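# Remarks on the overall topology
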Amino acid sequence: IGLFALWALREWPASHVFAFEPLPPICAVLRRNLRAADAAERRKAQSDQVLSRSTVVQLAVGSEAEPSTAMFDFYPWAPGESTRHQDEAAKQRSALAYAARAAELRPPRRARRHKVESYR
């Protein structure tokens, strides 16, 4: 979590990255990962004077046409599958299973039922 932010910091050494993440558990991991990158930069420079080059904001960012609040489903066992668009995610899973059968592959196993956390 935070791979793009880490890549951007490496590609543009004079930059400051602002990362926005609406889900509290993912935001916590993002902050931890970027703090670790800051610590590595300080060690490399052998100085505690190196300033942080990233800011993490717990916030969902969208267009003005979007509602000001939205429900997100967070899957702790698979954070990359967390979504605000549950219907679209279900369609994607169905399309993947169909494509797997068409290619004579076994479709992905259905995930065991785990607790889903919802955030507004």
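For the structure, see preceding data.
Overview of the structure.

### Regarding the pairing of strand β2 (residues 54–57)
Covered by surrounding structure in β2 are S54 and V56 only, the residues T55 and V57 on the alternate face being uncovered. Pairing geometry for strand β1 (residues 17–20) and β2, over four bridges, is parallel. Across the sheet, the residue bridging to V17 is S54, located in β2. With respect to chirality, the unit in which β1 leads through helix α2 (residues 24–45) into the neighbouring parallel β2 is right-handed.

### Some thoughts on helix α3 (residues 86–102)
Counted at 1.5 Å a residue, the expected span for α3 with its 17 residues is 24 Å, and the 24 Å between its end C-alpha atoms agrees. Looking only at α3, the buried set comprises A89, A97 and A100. One side of α3 carries all its buried residues, which in axial view fall inside an arc of 75°. Along α3, the residues that are exposed and aim more than 90 degrees away from the buried face are D87, K91, Y98 and A102. Immediately beyond the C-terminal end of α3, within one or two residues, lies E104, with a positive phi of roughly 60°.

### A look at the nonpolar core
If you look at the biggest cluster of nonpolar residues, it comprises nine residues: A5, A8, L9, V17, A19, C27, L30, L34 and V56. Beyond its immediate chain neighbours, meaning those up to four positions away, L9 contacts S15, V17, L34, R53 and S54. Formed by five residues, the second largest nonpolar core is a distinct cluster that contains L23, I26, A70 and F72.

### Some points on the packing of aromatic side chains
Tallied over the entire structure, the rule returns three aromatic pairs. Pairing W7 with W12 gives two aromatic rings, centres 5.2 Å apart and planes at 85°, and the pair type is edge-to-face. A relative accessible area of 35% means that W7 is categorised as partly exposed. A relative accessible area of 48% means that W12 is categorised as partly exposed. Relative to Y119, the ring of F74 has its centre 6.4 Å away and its plane inclined at 65°; by these criteria the two rings are edge-to-face. Separated by 45 residues along the polypeptide, F74 in strand β3 (residues 72–74) and Y119 in strand β4 (residues 117–119) bring together distant segments of the chain. One aromatic cluster in this structure is built from F4, W7 and W12.

Rules used in this analysis
Residues numbered from 1 in each chain as written. Predicted model: local features only at pLDDT ≥ 70, side-chain atom pairs only at ≥ 80, totals over all residues. Heavy atoms only, no water. Buried < 20%, exposed > 50% of the residue type's maximum accessible area, 1.4 Å probe, protein only. Helix = DSSP H or I, 4+ residues; strand = E, 2+ residues; numbered from the N terminus. Pairing = 2+ DSSP bridges. Right-handed = clockwise from strand over helix to strand, strands pointing away. Expected span 1.5 Å × (residues − 1). Arc of directions from axis to C-beta. Core = buried A, V, L, I, M, F, W, Y, C linked by side-chain atoms within 4.5 Å. Contact = heavy atoms within 4.5 Å. Phe/Tyr/Trp six-rings, centres within 6.5 Å; stacked < 30°, edge-to-face > 60°.

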